[in-house]
Amino acid sequence: MRALRKLALALALAEAWSSAALAEAPKVMPTDPAVPQSLTSRPKETLKGQLRDLPTPYSIGAAGAVPPRSKTEPDIAFGAYQRGQYTTAFREATKRIAADNKDAAAMTLLGELYNQGLGVKQDPVKAAEWYRLAANQGDTHAMASLGLMSIDGRGGTKDPKAGRRWLEQASLKGDTTAAYNLALILIGTGTEPDEAKAADLFRKAAEGEIGPAQHDLGVLYLQGRGVPKDPKQAAEWFRRAADNGDLAGEVEFAILLFNGIGVEKDEARAARYFLHAASRGNAIAQNRVAILYALGRGIQKNPVEAAAWNLAAAAQGRSDPKLDETLASLTAEERSRAERLAEARMKVE
């Protein structure tokens, strides 16, 4: 799947959440097994300048700006799009518009094909034109796409205000991705009224089972921003985010599990969540797993595994000098095994 398009508006969220949280979160040392109680679970450089892993108009095959299935008859154009038959999708959508110049779903599909360059030469200007025609017909997916493109200055003049208006319209019509992106804009202002509005929008997207929105709503409950502080609600939203594959939510839930905050303390269960997130390449989780292996907390003590995960985390910039000291007594053979394990895990990432 093509990398998601970066949006500058997420800088505000990164600055508001990650800078303070990651700078102030105490590091976990082998002599202090308590896992920090609050952090965004994403390295600052990962958060800056990009949206979370959401389906957007820039995601091939994702549920971004594409028409829904027809309730009355098979949608040949969209069916072809889903199967990767993009030339057929383009031809069928074009035929539909020729027969009905108000077919918003077909217009949106053409916008998507031009936006991604599928079956046709990529052309953001034509994509924006088709999205605009569909949006003017009331298509929510096109509104959400046009909003992102206007904010990003893709396919036309950069116009954040117009982009926000399109996102607001799409959100009001039930588009959960638009609600999420609009929440990102509002949370970046730092004002209490906007934080409350952002919380409502995050909830709307979270109830639509968008994992990153569930994580973000959990962070708001954990910090008491825009909603009353409620660790139980935070834990529940982090769990749901983890269930939907969101790495940040997975790590946050593991942290609360380990510390017994908002959820019954369960170090073994926390270790399983940390291990899963670590295997997916999250450096914070890799560091925590290394510590748990070194201490034998929630998992059987294993210095070689501890060293391997520590090396994997350090390779991503998550070094831990105290843990290095603790593992300094490894034999040359144990160190070699740890290095081989770490190298294999880094290749998987």
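For the structure itself, look to the data block above.
All of these numbers come straight from a predicted model, not from anything done at the bench.

Participant: Requested: an account of helix H13 (residues 247–259), with residues and values cited.
Facilitator: Taking 1.5 Å per residue, 13 residues should reach 18 Å; H13 reaches 19 Å between its end C-alpha atoms and fits that length. When you tally the buried positions in H13, you get twelve out of 13 residues, the bulk of the element. Within the span of H13, buried status applies to Ala248, Gly249, Glu250, Val251, Glu252, Phe253, Ala254, Ile255, Leu256, Leu257, Phe258 and Asn259. On its buried face, H13 is in contact with helix H11 (211–223), helix H12 (231–243), helix H14 (267–279) and helix H15 (283–295). Positive backbone phi, approximately 70°, marks Gly260, located one or two places after H13.

Participant: I'd like a description of the nonpolar core, backed by residues and values.
Facilitator: With 93 residues, the main nonpolar core has Tyr81, Leu113, Phe202 and Phe274 as its most contacted residues. No other element matches helix H9 (residues 176–187), which puts nine residues into this core.

Participant: So, the packing of aromatic side chains: which residues are in play, and what are the values?
Facilitator: Taken as a whole, this structure holds five aromatic pairs when the rule is applied. A ring pair is formed by Phe78 and Tyr81, whose centres lie 6.2 Å apart and whose planes are at 25°; its orientation type is stacked. Taken together, the residues span about one helical turn, with Phe78 and Tyr81 both in helix H3 (residues 76–82) at a distance of three residues. We note that Phe78, like Tyr81, is buried. Residues Phe90 and Tyr114 carry aromatic rings whose centres are separated by 5.8 Å and whose planes lie at 85° to one another, so their mutual orientation is edge-to-face. Highlighted residues: Phe90 in helix H4 (residues 86–99) and Tyr114 in helix H5 (residues 104–116), separated in sequence by 24 residues. The class for Phe90 is partly exposed, based on a relative accessible area of 23%.

Participant: Give a description of the packing of H11 against H13 that names residues and reports values.
Facilitator: Put simply, H11 and H13 touch, their axes get as near as 9 Å, and they point 35° apart. Of the two elements, H11 crosses H13, and the hand of that crossing is left-handed. The segment H11 lies against H13, with His215, Val219 and Leu222 engaging Ala248, Gly249, Glu252 and Leu256. Classifying every residue of the contact of H11 with H13 gives four nonpolar, two polar and one charged.

Participant: Explain the side chain of Glu267 to me, and be specific about the residues and the numbers.
Facilitator: Checked against the element boundaries, Glu267 lands in helix H14. On the accessibility criterion, Glu267 (18% relative accessible area) is buried. Within polar-contact distance, the side chain of Glu267 engages the side chain of Lys265 at 3.5 Å. Ignoring any residue separated from it by four or fewer positions in sequence, one finds Glu267 in contact with Phe258, Arg297 and Gly298.

Participant: Can you tell me about H12, naming the residues and giving the values?
Facilitator: Over its 13 residues, H12 extends 18 Å from the first C-alpha to the last, a length consistent with the 18 Å expected when each residue adds 1.5 Å. Taken together, the buried positions of H12 are Ala234, Ala235, Trp237, Phe238, Ala241 and Ala242. Elements in contact with the buried residues of H12: helix H10 (192–207), H11, H13 and H14. Where H12 begins, the side chain of Asp230 points an oxygen toward the backbone nitrogen of Lys232, at a separation of 3.1 Å. A positive phi of about 85° marks Gly245, the residue just after H12.

Participant: I'd like a description of the packing of helix H6 (residues 124–136) against helix H7 (residues 140–152), backed by residues and values.
Facilitator: H7 packs onto H6 with a crossing angle of 135° between their chain directions and a minimal axis gap of 8 Å. The pairing of H6 with H7 is recorded here as oblique in orientation. In the crossing of H6 with H7, the sense of the turn from one axis to the other is left-handed. Residues Pro124, Ala127, Ala128, Tyr131, Arg132, Ala134 and Ala135 of H6 pack against Ala142, Met143, Ser145, Leu146 and Met149 of H7. Across the contact of H6 with H7, the residue classes break down as ten nonpolar, one polar and one charged.

Participant: Describe unusual backbone geometry, listing the residues and the values that go with them.
Facilitator: In this structure, Glu209 takes a positive phi of about 65° despite not being glycine. Relative to the helices and strands, Glu209 resides in the loop between H10 and H11. We classify Glu209 as partly exposed; its relative accessible area is 39%.

Conventions used here
- Residues numbered from 1 in each chain as written.
- Predicted model: local features only at pLDDT ≥ 70, side-chain atom pairs only at ≥ 80, totals over all residues.
- Heavy atoms only, no water.
- Helix = DSSP H or I, 4+ residues; strand = E, 2+ residues; numbered from the N terminus.
- Expected span 1.5 Å × (residues − 1).
- Buried < 20%, exposed > 50% of the residue type's maximum accessible area, 1.4 Å probe, protein only.
- Contact = heavy atoms within 4.5 Å.
- Core = buried A, V, L, I, M, F, W, Y, C linked by side-chain atoms within 4.5 Å.
- Phe/Tyr/Trp six-rings, centres within 6.5 Å; stacked < 30°, edge-to-face > 60°.
- Axes fitted to C-alpha atoms, helices over the stretch in contact; angles between N-to-C directions.
- Left-handed = near helix turned anticlockwise from the far one by under 90°.
- Nonpolar A, V, L, I, M, F, W, Y, C, P; charged D, E, K, R; others polar.
- Polar contact = N/O pair within 3.5 Å; in protein donor to acceptor, adjacent residues only side chain to side chain.
- Parallel < 35°, antiparallel > 145°, perpendicular 65-115°, else oblique.

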